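An overview of the molecular structure
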Amino acid sequence: MKESQLKELLESLTLEEKICQLVQLSGDFYAADAMAVGPQQKLGISEKVVDNAGSILNVLGADKIRRIQSEYLEKSRHKIPLLFMSDIIYGYRTIYPIPLGLGATWNPELVKECSRLTAKEACAAGAHVTFAPMVDLVRDARWGRCMESTGEDTYLNCQFAKAMVEGLQGELKPGEGIASCVKHFAAYGGAEAGREYNTVDMSERRLREEYLPSYRAAVDAGCEMVMTSFNTVDEIPATGNRWLMDQVLRKEWGFDGVIITDYAAIQEMTAHGVAADDREAARLAIEAGVDIDMKTPCYANQLKPLIEDGEISEELVDKAVWRILKLKNKLGLFEDPYRAASAEREKELLVCDRHRAQARKAAGEALVLLKNENHILPLKKKGQKIALVGPYSDSSNLIGLWAVHGKTEDVVTIKAAMEEVLEPGTLSCAQGCGMLEDYAFLGGFARAEKSGEKPLSKEQAEAELAKALEAVRNADVVVMTLGEHMMQSGEGGSRTDIRLPEIQRRFFDRITAEGKPVVLIVFNGRPLVLTEESQKAAAVLEAWYPGTEGGHAIADVLFGEVNPSGRLTMSFPRTVGQAPLYYNGFNTGRPVKTSIHSGRFMSKYLDCPNDPLYSFGYGLSYHETAYSDLTVSAASFTSGEKLTVSVNVKNTGVVAGLETVQLYLRDLVGSVVRPVKELKGFQKIWLEAGEKKTVSFTIGEELLKFHTKDMSFCAEPGKFQVFVGKNAEDVLEGEFEFQ
Ligand code: BGC
């Protein structure tokens, strides 16, 4: 539709119709059987609002979408199609690794391709917008939504934000791309004490320097929508935070797309205590520039009286509707309201071989080898008896909590994948112990709610343990699969104890007591405390929730078809008491290594080292690498010039593999304190066995910029340290000066 026609359409709408465009309802309002009445009464909105709402949340499937859209349009006076939005976070039906795993690939191109294929499947199923990517920076492993983030680093998160938006949207062609909604703006991952929905409070400098850039990267990549976060920013809930939405997002960053709230976030402003009632909450949100109210009656019921009483101008509503209409138009909905929704395309695309192959590749790169004593891995395919024990061994729950449209029946389990590789009779498998002793505390959520899991009875538990012990006693090597229950991470999944569940720790101790070498594979949506397990196990492989092809990917790595290359993007603490833990903190006045003080009076704990068990950037491969000869092309440089930092990297092992060469900088003296290290670049390179490559990074003024004392974003003259290495701790060091 031409812009002039769109304008005419806007002008032809009544105030009520315009307001309805700003309302998003969930699919139950449009269920085939009970047309709206129950949910409508519950929410307290009129039938007219249901008949005219602008968008729908989390209902997908080509046939369903087509039915709802056609029924809606039939009734509609203005014939503006509904927008279908959904949480398609790391795959639609083909599920890729959780984002924390995708981050561990350090491969934005690969992740972009996963997002592109996700969009194709989602298009077929009728999605127009996905609530992804989530780009919240996370530093606290207690927070359940670590799983949805690519980690603790600003630079890396920006690369992934861009890759995901570009992959999801493409050129927004029907059948190819869907609109991306970056979330949760802003700083949702900074929740105090890692407690879900908790207060976020930080300096504006930290917000701008560390937390905001990843949202900005998504906006710069062209994402069409932004979701507000549940938390406060400077003690004002983001959803009513005019400074954040209007000043920063719209004016400074030039974002002219749609802003949607997170689930019920407008109404929650009353619980926050900044609005007395729905009416005040609606006013705060519309004044902040929020366009769509997700799942509350605030906009539906309050905007009209607010306008009629002269408290807000109708122009605010017009602006919001205009942005929504523009998006609908951009998606081509006025030409084809069903867009690419097609049952045939679903059949052809969902979990097709091409997508499975991509999921296997992505999961293979996401796995992080944390320990590999005496090269116990890779395992031999022949001449070795293997016991596969633990609750994840034959489980199809490898897709994690937020794979809303994924199906466990599509999943290849580890047992099935290992059987494909091994000779009959060489693998024995036993669950060995239950996942948890109690499931009730998890609360219900989507697919997990229906799973109906319950603890093993005493007899079952004894029988399982006996079976596992027998398998272990007859085996040469044990592969043990342990992990969090998938519902222990994700939204509402904050934990104060981030070790493996107790029942599994007991099982681990019982099995390791048998004295056989144990390869431990862990499944989790956050960094876990693996301090004890990492001492006793011969090898530890971090698997996250690896997705539909998780079993194959794990078998690929176990048997050496794939040389692991994943690198952590969140630090793994030694104990939960270290949280929040991240590599790029400040030095403090009393740093342990270089303080003028000694003994007690330094920045440290009495009972635990400061450093993590496994640092940011860490991960092993089946080859080893040696870094040497770090050179900096000049001792100093100035604005407009560039420096080159080079290093030689040699594969000293006997197999070829990928190496992620990481570049970090430290600004030694700033007008404000600067991090001890900041990632500023990386290259993932392929090295044949014995091969040596020189890897170079270019450093220009841009890389040195930060928010200085007066909040200007610029580089300050002075000395810098440069580090290149395998991870944030294992680096070579050089220096230069910026003049
Ligand atoms: C989550 C969002 C999600 C939304 C819609 C909220 O509870 O915080 O990430 O997109 O629900 O399902």
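Look above for the structure.
Remember, predicted model here, so these are calculated numbers, not experimental data.

Before going further, it helps to examine the site of the ligand. With respect to spatial proximity, 13 residues lie near the ligand, and among them Asp87, Arg145, Lys183, His184 and Asp262 are the closest. Measuring from an oxygen atom of the ligand, one finds a side-chain N or O atom of Asp87 at 2.4 Å. Note that an oxygen atom of the ligand is positioned 2.8 Å from one of the side-chain N or O atoms of Lys183. Bound to the protein, the ligand loses 94% of the 310 Å² it would expose on its own.

A few words now on helix α5 (residues 62–75). Because an α-helix packs 3.6 residues into every turn, residues spaced three or four apart end up facing the same way. The terminal C-alpha atoms of α5 lie 20 Å apart, and with 14 residues this matches the ideal 20 Å at 1.5 Å per residue to within 8%. Within the span of α5, buried status applies to Ala62, Ile65, Ile68, Gln69, Tyr72 and Leu73. The arc that holds the buried residues of α5, viewed along the axis, is 140 degrees, so those residues lie on one side. Exposed and facing more than 90 degrees away from the buried side of α5 are Asp63 and Glu74. Against the buried residues of α5 lie α2 (15–21), α4 (47–52), β2 (55–57), β3 (83–86), α7 (108–124) and α16 (343–349).

Bringing the sheet that holds strand β17 (residues 625–632) into the picture now. Within the open sheet, the 3 strands sit side by side as β17-β19-β22. Their pairing is antiparallel. Each edge of the open sheet is held by one strand with a lone partner, namely β17 and β22 (692–699). Between one strand axis and the next, the sheet turns through 20 degrees on average, direction left out of account. Where β17 and strand β19 (residues 643–651) come together, 6 bridges link them in antiparallel fashion. Looking at the pairing, Tyr627 lines up with Val649 of β19.

Okay, unusual backbone geometry next. His184 follows Lys183 through a cis peptide bond whose omega is -10 degrees. Its location among the elements puts His184 in strand β5 (residues 179–185). A cis amide bond links Ala579 with the next residue in sequence, Pro580, at an omega value of -5 degrees. By the element assignment, Pro580 lies in the loop between α23 (550–558) and β17. One non-glycine residue with positive phi stands out, namely Lys79, at about 60 degrees. Exposure remark for Lys79: the relative accessible area of 43% places this residue in the partly exposed category. Residues other than glycine seldom take positive phi values, yet Ala193 does so here, at roughly 60 degrees. Structurally, Ala193 is set in the loop between β5 and α9 (204–211).

Here we take up the pattern of salt bridges. For the coordinates displayed, the defined rule picks out 54 salt bridges. Where Arg356 meets Glu549, a salt bridge forms, and the shortest distance between an N and an O atom there is 2.7 Å. Within this pair, whereas Arg356 is found in helix α17 (residues 353–366), its partner Glu549 is found in the loop between β16 (539–542) and α23, the two being separated by 193 residues in sequence. Neither residue differs from the other here; Arg356 and Glu549 are each classed as buried. Between Arg674 and Glu678 there is a salt bridge whose closest N-O contact spans 3.1 Å.

Below, the discussion takes up the packing of aromatic side chains. Two aromatic rings, taken as a pair, are described by how far apart their centres are and by the angle between their planes. Summed over all chains, the structure comprises 17 aromatic pairs. Centre to centre, the rings of Tyr392 and Phe523 are 4.5 Å apart; their planes meet at 25 degrees, and the pair counts as stacked. One end of the pair, Tyr392, is in the loop between β12 (386–389) and α18 (414–421); the other, Phe523, is in strand β15 (residues 518–523), and 131 residues separate them in sequence. Given a relative accessible area of 0%, Tyr392 falls into the buried group. Taking the centre distance of 5.4 Å and the plane angle of 5 degrees together, the rings of Phe720 and Phe736 count as stacked. Here Phe720 is found in strand β25 (residues 718–725), whereas its partner Phe736 is found in strand β26 (residues 731–738), with 16 residues between them in sequence. In this structure, Phe720 and Phe736 share a single accessibility class: buried. One Lys or Arg, Arg674, reaches over the ring of Phe706 and ends 3.9 Å from the middle of that ring. A cation over a ring is seen here: Lys677 above Phe723, with NZ or CZ 5.0 Å from the ring centre.

Turning to its location among the elements, Lys677 is positioned in the loop between β20 (657–667) and β21 (678–687). Buried and without a salt bridge, Lys677 has Glu733 as its closest oppositely charged side chain, separated by 7.1 Å. Every residue in contact with Lys677, bar those within four places of it in the chain, is listed here: Tyr583, Asn584, Tyr664, Leu665, Phe723, Ala728, Glu729 and Val731.

Glancing now at α7. When the terminal C-alpha atoms of α7 are compared, their 24 Å separation across 17 residues agrees well with the 24 Å that a helix rising 1.5 Å per residue should span. Of all the 17 residues making up α7, 14 are buried; the element is thus mostly covered by neighbouring parts of the structure. Just downstream of α7 lies Gly126, where phi reads positive at about 95 degrees.

Right, let's talk about the sheet that holds β16 for a bit. A sheet is described by the order of its strands in space; here 6 strands give the open sequence β11-β16-β15-β14-β12-β13, paired in mixed fashion. Bordering the open sheet on either side are β11 (368–372) and β13 (427–430), each of which pairs with just one other strand. Taken pair by pair, the neighbouring strands of this sheet meet at an average axis angle of 15 degrees, ignoring direction. Bridge count for β15 against β16 is 4 bridges, and the pairing is parallel. Following the sheet pairing, Val519 is matched in β16 by Ala539. Each of β12, β14 (477–483) and β15 touches helix α21 (residues 502–512); the most contacted strand, β14, lies at about 170 degrees to it. Most of the contacts of α23 go to β15, to which it runs at about 150 degrees, and overall it touches β14, β15 and β16.

Let's shift gears to the environment of Ser628. Inspection of the secondary structure assignment puts Ser628 in strand β17. A C-alpha to C-alpha distance of 6.6 Å links Ser628 and Val649, two positions 21 residues apart in sequence. With near-sequence residues (within four places) excluded, Ser628 lies in contact with Val647, Asn648 and Leu732.

This part covers a negative patch on the surface. Side chains of Glu192, Asp201, Asp234 and Glu235 sit close together on the surface and give a patch of like negative charge. Counting through the fold element by element, Glu235 comes out in the loop between β7 (232–233) and β8 (236–237). With a relative accessible area of 56%, Glu235 lands in the exposed category.

Definitions and cut-offs
- Residues numbered from 1 in each chain as written.
- Predicted model: local features only at pLDDT ≥ 70, side-chain atom pairs only at ≥ 80, totals over all residues.
- Heavy atoms only, no water.
- Near = heavy atom within 4 Å.
- Polar contact = N/O pair within 3.5 Å; in protein donor to acceptor, adjacent residues only side chain to side chain.
- Areas by Shrake-Rupley, 256 points an atom, 1.4 Å probe, with all protein chains shown as cover.
- Helix = DSSP H or I, 4+ residues; strand = E, 2+ residues; numbered from the N terminus.
- Expected span 1.5 Å × (residues − 1).
- Buried < 20%, exposed > 50% of the residue type's maximum accessible area, 1.4 Å probe, protein only.
- Arc of directions from axis to C-beta.
- Contact = heavy atoms within 4.5 Å.
- Pairing = 2+ DSSP bridges.
- Axes fitted to C-alpha atoms, helices over the stretch in contact; angles between N-to-C directions.
- Salt bridge = Lys/Arg side-chain N within 4 Å of Asp/Glu carboxyl O.
- Phe/Tyr/Trp six-rings, centres within 6.5 Å; stacked < 30°, edge-to-face > 60°.
- Lys NZ or Arg CZ within 6 Å of the ring centre and 35° of its normal.
- Lys, Arg positive; Asp, Glu negative; His and termini not counted.
- Patch = residues over 30% accessible without salt bridge, like charges linked within 9 Å, V, L, I, M, F, W, Y side chains within 5 Å.
- Charge placed at Lys NZ, Arg CZ, Asp CG, Glu CD.

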